[in-house]
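# Summary of structural features
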Amino acid sequence: MANNYDFKESEKKWSKYWEEEGIYDFDGQSDKETYSIDTPPPTVSGAMHLGHAFSYSHEDFVARYQRMKQKNVFYPFGTDDNGLPTERLIEKLKNVRSTEVDRTEFVKLCQDTVAGIRPNFIQDWKNIGMSCDFNKSYSTIDNHCIRTSQLLFMDLHKKGLAYQKSAPTMWCVKCQTAIAQAELEDEELNSTFNDIIFKVGTENLIIATTRPELIPACVCIYVHPDDFRYKQIVGKKAKIPLFHYEVPIFADESVEKEKGSGAMMICSYGDKYDVEAITKRSLEPRVVIEKNGVLNHFAAKYKGMNIKDARRAILDDLEKEKLLVNKKPIQHVVNVHDKCGTEIEFLSSKQWFVKILENKKKLIKSADKIKWHPEFMKTRYVNWVEALEWDWCISRQRAYGVPFPIWYCKKCGKEMLADIKQLPVFPLENEPTKKCSCGSDKFIAEQDVMDTWATSSLSPQIVCNFIEDEEYNINFGKTYPMSLRPQAHDIIRTWAFYTIARGLYHHNKEPWSNIMISGHVLDPKGKKMSKSKGNVVEPQKVIQTYGADALRFWAANASLGKDLSYKEEDIKTALRTITKLWNASNFAFLHLTDFKNKKMELELIDKGILSKFNDIIKECTDAFDNYEYSKSKMLTEIFFWSQLCDNYLEITKDRLYNPDKRGVESRKSAQYVLYQLLLGVTKLFAPIMPYISEEIYQTHFVKSEKEKSIHISKWPKYDKKLKDEIAEKTWDKFVEILSFVRQEKAKNKLSLTAEVKLIITEEDNLLLSECLQDLKAVCKAKDIDVGEKMKVEF
């Protein structure tokens, strides 16, 4: 082996080797137990970020472990490239706007651009050592995915679980599309709480609002029936300030008497409360905000203004008319679109929905049938489902996405679903295969596309080739549910929830047996990383400087579900472990050139550390079986540094270097244990640090272990026959004395090679009787005498 480990050369070499040798290929004909992973398809919207490298490393730890447990690991890779972020990327790269370009041309531009950038995008995942079967790859906009998504939409439609409805819907005026509740984020924004005068006859009625731009959308006033201040005005009408029309005043128990003035305006539409109130009273809406965020004719002189400009202008005019009593600066939490940060509106439009609310109990119960890692993350899922107030809106007013397989009869308006044989179908380009039941053959194609989650939520069905698509070359049959869903905690409300719903709706079973939730990466101060803050760390640069193994080793510091701050010092610590492993291997191989790897009678001190390592194997295996990769990494790291390197390598040097003095059999015992420990530690590190583990394995162990890669070799197995409590007690006492001698030398500012006289108790002398020569050699003791207590003399 070279004196220094060159991670750049190693990573390049072994990545090529793994691909050429098909180390990670899934074997559809194998009799082995299958372990399948529902890999998150990252959005093709730029390059991999540090959060990706962090969470995808976690799932890869598990994949590599299961493969070494001799399971047939199905670990496909996909990309999510039909969503709004992809559209935004294309608009940025090509300097176009989807709304200003012919739709067909824009879709073609998206397809061509994504196809061009996808290989380099995927390369980032390969560079962190992902052991996916990249031959089993998909794109959420490829024909197989479109076919699967369209077929299962038709299944929902057939079961009465998908429906179309014209109603007020959450809307993003910037993206100009409907959105689902799961796409909302809370953001604290600056605003003003404005007390405004409405007139009831000649009397003033003060109403407080943060949204004066919705005054022309007001359709009624609500007060509480028990609020004595307003009993005399219930049933009367109030005049709307600036706009001079009248609205009825109703008493309703939903009003919070203590909030603001206790009177509230009901507008079309400020929030879900307004929607319910207008429906309840059968009132005619006055929708003042258009889909592009501009006010319409109901706004009179403010027509054509955007929301923020109208807000300022209306407040200015209220103040001029002495109708603004008070204007108080506040900070309040509002719902924004998670894709762009724009405050959401409620606008009336026709959309497709999937029924959720009527099945909330079933969806919550489903969580108990899945093993959550960590367990507390199940609570997030349950809380989310319990808080849902809307069915899932799955239609989007975008150009680039999976089309709904549906047309509408021009004559009678009836829906016409595609024939299954047509799938994938593009209604804007294709026609139905039969006439409408009314006899007409003239149809209008559905213009909307599906929400990207409507397809991503079918990732298990896509990769398991649910529809038996011959073009999708995976021989995986109908193996459903899958073994594992790995993902981050921020998309429990979207990807996890939607996938569980689709599993229940289509198959009446949960989509996976286990779900593993990762946290997020924070900056060194514990703050969220963002480009605007200038605290983003690019994983590509970390890999270039320190290597993929170092980055993965750092990622393994985080327990599941926990956020982790990125600190360069932690990466350097990982690099020190890599260097130490390389140097320890160099030392070992120097003394293993004549080793035959045959079992033999071991010396007591060798039995002791082997017995302790046997326990480490059991603990690491139990940890990985419970998806606690960080615990396995920690246990291995501690054993490697404190037991193997700091102690055993030093203890055995005398026997390894001086076989004539200590005896050939004594040296063979040390060689055997050194071989087992180094091989075992390398295997325990392999899921975390795949490159250096492969380098060490191929340099020496492959000759005797036979498997062509450490990553398909057998995971170390606990052997209860190796358990030797007496030997372990001997080892522990030996290390205790050695540590004491080292401390005494350090205290007296002496070199570790300085000779000493060692005094130990009679009890310790008896316990260590078989290994006193090793103790004498490693402590550099001229003599070892017996005394009342342990002591070092210089």
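A few points on the structure. (Residues numbered from 1 in each chain as written. Predicted model: local features only at pLDDT ≥ 70, side-chain atom pairs only at ≥ 80, totals over all residues. Heavy atoms only, no water.)

To continue, consider empty space enclosed by the protein. Using the criterion set out here, one finds four cavities of 30 Å³ or more in the structure. When its volume is computed, the largest cavity comes out at roughly 70 Å³. Around the largest cavity sit Ala180, Gln181, Ala182, Ile356, Trp384, Leu388, Trp390, Asp391, Trp392, Phe497 and Tyr498, which together line it. One number sums up the size of the second largest cavity: a volume of about 60 Å³. In terms of lining, the second largest cavity is formed by Leu84, Thr177, Glu183, His337, Lys339, Arg396, Arg398, Asp451 and Thr452. Partitioning the lining of the second largest cavity into residue classes produces one nonpolar, three polar and five charged. (1 Å grid on protein atoms, 1.4 Å probe; cavity = no way out; pocket = protein on both sides within 12 Å on 5 of 7 lines; lining within 4 Å. Points joined across faces, edges and corners; volume = space filled by probe spheres on them. Nonpolar A, V, L, I, M, F, W, Y, C, P; charged D, E, K, R; others polar.)

Next up on the list: the layout of surface pockets. Volume-wise, the second largest pocket comes out at about 1,400 Å³. Contributing to the lining of the second largest pocket are 45 residues, with Thr210, Arg211, Lys259, Gly270 and Asp271 lying nearest its centre. Secondary structure elements with two or more residues in the lining of the second largest pocket: strand S7 (184-200), strand S8 (203-209), strand S12 (263-267), helix H6 (272-280), helix H7 (307-320) and strand S13 (324-337). Take the lining of the second largest pocket: its biggest share by element is seven residues, from S7. Its residues assigned to classes, the lining of the second largest pocket comprises 19 nonpolar, 13 polar and 13 charged. (Helix = DSSP H or I, 4+ residues; strand = E, 2+ residues; numbered from the N terminus.)

By the secondary structure assignment, isoleucine 330 is in strand S13. Sequence separation between isoleucine 330 and leucine 189 is 141 residues; the distance between their C-alpha atoms is 8.4 Å. Setting aside chain neighbours within four positions, we find isoleucine 330 in contact with Leu189, Asn190, Ser191, Thr192, Phe193 and Thr210. (Contact = heavy atoms within 4.5 Å.)

Below, the discussion takes up the nonpolar core. In this structure, Leu363, Tyr381 and Trp554 are the most contacted members of the largest nonpolar core, which totals 186 residues. Of all the elements, helix H19 (residues 664-685) adds the most residues to this core, at eleven residues. Residue contacts for tyrosine 381: discarding those within four places in its chain leaves Leu363, Ile364, Ala367, Trp372, Ile492, Phe497 and Ile500. (Core = buried A, V, L, I, M, F, W, Y, C linked by side-chain atoms within 4.5 Å. Buried < 20%, exposed > 50% of the residue type's maximum accessible area, 1.4 Å probe, protein only.)

What follows deals with a negative patch on the surface. Residues Glu185, Asp186, Glu187 and Asp490 make up a contiguous surface patch of negative charge. Mapped onto the secondary structure, aspartate 186 falls in strand S7. (Patch = residues over 30% accessible without salt bridge, like charges linked within 9 Å, V, L, I, M, F, W, Y side chains within 5 Å. Areas by Shrake-Rupley, 256 points an atom, 1.4 Å probe, with all protein chains shown as cover. Salt bridge = Lys/Arg side-chain N within 4 Å of Asp/Glu carboxyl O. Lys, Arg positive; Asp, Glu negative; His and termini not counted. Charge placed at Lys NZ, Arg CZ, Asp CG, Glu CD.)

Under the 1.5 Å per step criterion, the end-to-end length of helix H4 (residues 103-127) is 36 Å for 25 residues, consistent within 8% with the ideal 36 Å. Its maximal kink placed at arginine 118, H4 deviates by approximately 40°, while the proline proline 119 follows within four residues. Along H4, the positions that sit buried rather than exposed are Phe106, Val107, Cys110, Thr113, Val114, Arg118, Phe121, Ile122, Asp124 and Trp125. On its buried face, H4 is in contact with helix H2 (50-68), strand S3 (77-79), helix H3 (84-94), strand S4 (137-139) and helix H13 (539-546). Measuring from the side-chain oxygen of the N-cap residue of H4 to the backbone nitrogen of threonine 104 gives 3.2 Å; that N-cap residue is aspartate 102. Backbone geometry just downstream of H4 places glycine 129 in the positive-phi region, at approximately 85°. (Expected span 1.5 Å × (residues − 1). Bend = angle between axes of the 7 residues up to and from the residue. Polar contact = N/O pair within 3.5 Å; in protein donor to acceptor, adjacent residues only side chain to side chain.)

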